[in-house]
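Survey of secondary and tertiary structure
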Amino acid sequence: MPIFQPIILTTLTITTLIFLSSTHLVLMWVALELSTLVVLPLIANKSHPRSIEASTKYFLTQATASALIIFSWTLNYITTGSGQIAEMTNQTLTTITTLALLIKIGLVPFHFWVPETIQGMTPTASIFLLTWQKLGPLVMLYLMSPLINFGVLSAVSILSATVAGWLGLNQTQIRKLVAFSSIAQMAWTLVIIKYAPSLTILAFYLYSITISTTLLTLEKLSTTSINNLLLSFQKAPITSLLLMISLLSLSGLPPLAGFLPKWLTIDQLVAEEAIWVAFTMLMASLLSLIFYLRLWYNSASTLPPNTTNTQRLWRKPVQQTNLTINSLAMAALTLILAATMMKAITKQEAY
């Protein structure tokens, strides 16, 4: 795998540049396929049945979404004669393309591949799938934002936030919990793209930083289930503290970075008179808050009791955090003052 890492990073960089510089349907579809194929070696990097199963599920799901995209774009070219993504005037074809891109992102009801794929990957490889891989479909939705049906997008976002919260309540595997967290966070990111696309980019940026911090700290602690977190604070207190901060940031509690996009999203939805959407998203976020607090409680607020079967270490190896984790953790922090300034700037741009 180290031999192919430069090729993988170069291909991902090229596809990202295509997404950011092109508005043609065919070029963006080619970039989507390249980014899909280049992630497969990251998923199946081990000769393990779980990794092979994860890569197979990922490939079949992405291939289905790509087929829907090229089908709708072909019909759009036949009817309009244009290959530009901003000129999709047919509402039905636009809705099909939107749903296909939501399949690639992994929102409900197309979310089944996300937890199974993440469960078969390493935490470092999961960062690429949960952040960089979502950039392409997100850019395409950004370009299509004036044409998107808000009713469809709000319904998918509410379902994603609610279902991800419910499924995470009874989950004990850390990687699947991170996957459900990603689904809920992307629901908050996309619910406002119709009215404030720039706010979607801000939310995705903060989400990428925070979820990367969480996955890197989990890999440093070598934890796979909630029960393993009971000894994490004894083995690496600083890393456990960074994990606690990133989890609270993902939950959206102030004054951490995750509070900012949720606050601005609710404010924008209320301004657009989508009050019921804002209220439902807030209620659904309480479900996610429960399993975030459960992870936080197990990682930094408990000691293993004497009645459990958890083996306590006699010699505790000291684990030092690296510069990447520290930098991302500092970026995941913000103050209420910074959030207030950002909110004021957003309102000023609206006027």
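The rules we used
Residues numbered from 1 in each chain as written. Predicted model: local features only at pLDDT ≥ 70, side-chain atom pairs only at ≥ 80, totals over all residues. Heavy atoms only, no water. Salt bridge = Lys/Arg side-chain N within 4 Å of Asp/Glu carboxyl O. Helix = DSSP H or I, 4+ residues; strand = E, 2+ residues; numbered from the N terminus. Buried < 20%, exposed > 50% of the residue type's maximum accessible area, 1.4 Å probe, protein only. UniProt positions renumbered as here; feature names shortened; annotations may be inferred. Core = buried A, V, L, I, M, F, W, Y, C linked by side-chain atoms within 4.5 Å. Domains from an automatic or database assignment. Phe/Tyr/Trp six-rings, centres within 6.5 Å; stacked < 30°, edge-to-face > 60°. 1 Å grid on protein atoms, 1.4 Å probe; cavity = no way out; pocket = protein on both sides within 12 Å on 5 of 7 lines; lining within 4 Å. Points joined across faces, edges and corners; volume = space filled by probe spheres on them.

1. Topic: the pattern of salt bridges
When their charged atoms lie close together, side chains carrying opposite charge are able to pair. Applying the stated criterion across every chain, the model contains three salt bridges. Here Lys57 makes a salt bridge to Glu116, at a shortest N to O gap of 3.8 Å. Highlighted residues: Lys57 in helix α3 (residues 49-80) and Glu116 in helix α5 (residues 113-119), separated in sequence by 59 residues. Note on Glu116: relative accessible area 30%, which makes it partly exposed. Across the salt bridge formed by Glu116 and Lys176, the nearest N and O atoms sit 3.6 Å from each other. Highlighted residues: Glu116 in helix α5 and Lys176 in helix α8 (residues 174-190), separated in sequence by 60 residues. The buried category is assigned to Lys176, whose relative accessible area is 18%. Residues participating in the shared-partner salt-bridge network are Glu53, Lys57, Glu116 and Lys176.

2. Comments concerning the UniProt feature "transmembrane region" (unreviewed entry) in the protein
Under the UniProt annotation, the feature "transmembrane region" (unreviewed entry) is placed at residues 56-75, 95-114, 150-169, 199-218, 238-254, 274-293 and 323-345. Taken as a whole, residues 56-75 contains 100% helix and 0% strand, while its terminal C-alpha atoms sit 29 Å from one another. Its end C-alpha atoms 29 Å apart, residues 150-169 is made of 100% helix and 0% strand.

3. Regarding the nonpolar core
Leu107, Leu130, Met140, Leu141 and Leu190 are the most contacted members of the largest nonpolar core, which totals 68 residues. Residue contributions to this core reach at least three from each of two domains, namely domain 1 (1-105) and domain 2 (149-349).

4. Section: the packing of aromatic side chains
Inspection of the entire model under this criterion finds seven aromatic pairs. The interplanar angle of 25° and the centroid separation of 5.5 Å between the aromatic rings of Phe259 and Trp263 together place this pair among those described as stacked. Pair noted here: Phe259 and Trp263 are both in helix α12 (residues 259-271), with a separation of four residues, about one helical turn. Taking relative accessible area as the criterion, Trp263 reaches 26% and is therefore assigned partly exposed. Taken together, a centroid distance of 6.0 Å and an interplanar angle of 90° make the contact between Trp276 and Phe279 edge-to-face. Taken as a pair, Trp276 and Phe279 lie in helix α13 (residues 275-300) at a separation of three residues, close to a single helical turn.

5. Overview of unusual backbone geometry
Here Val108 and Pro109 are connected by a cis peptide whose omega angle stands at 5°. One can find Pro109 in the loop between α4 (91-105) and α5. Residues other than glycine seldom take positive phi values, yet Glu273 does so here, at roughly 65°. Structurally, Glu273 is set in the loop between α12 and α13. By relative accessible area, which is 71% here, Glu273 ends up exposed.

6. A few points about empty space enclosed by the protein
This structure, assessed with the given rule, holds six cavities of 30 Å³ or more. In this structure, the largest cavity spans a volume of roughly 120 Å³. Lining the largest cavity we find 13 residues, and of these Gln185, Ala203, Gly258, Pro261 and Lys262 sit closest to its centre. Looking at the lining of the largest cavity, the element that brings in the most residues is helix α9 (residues 197-221), giving four residues. Its volume calculated, the second largest cavity comes out at about 80 Å³. Lining the second largest cavity, in full, are Ile174, Leu177, Val178, Ser181, Thr214, Leu218, Leu229, Leu243, Leu247, Leu250, Tyr292 and Leu295. For the lining of the second largest cavity, the secondary structure elements donating two or more residues are α8, α9, α11 (237-251) and α13.

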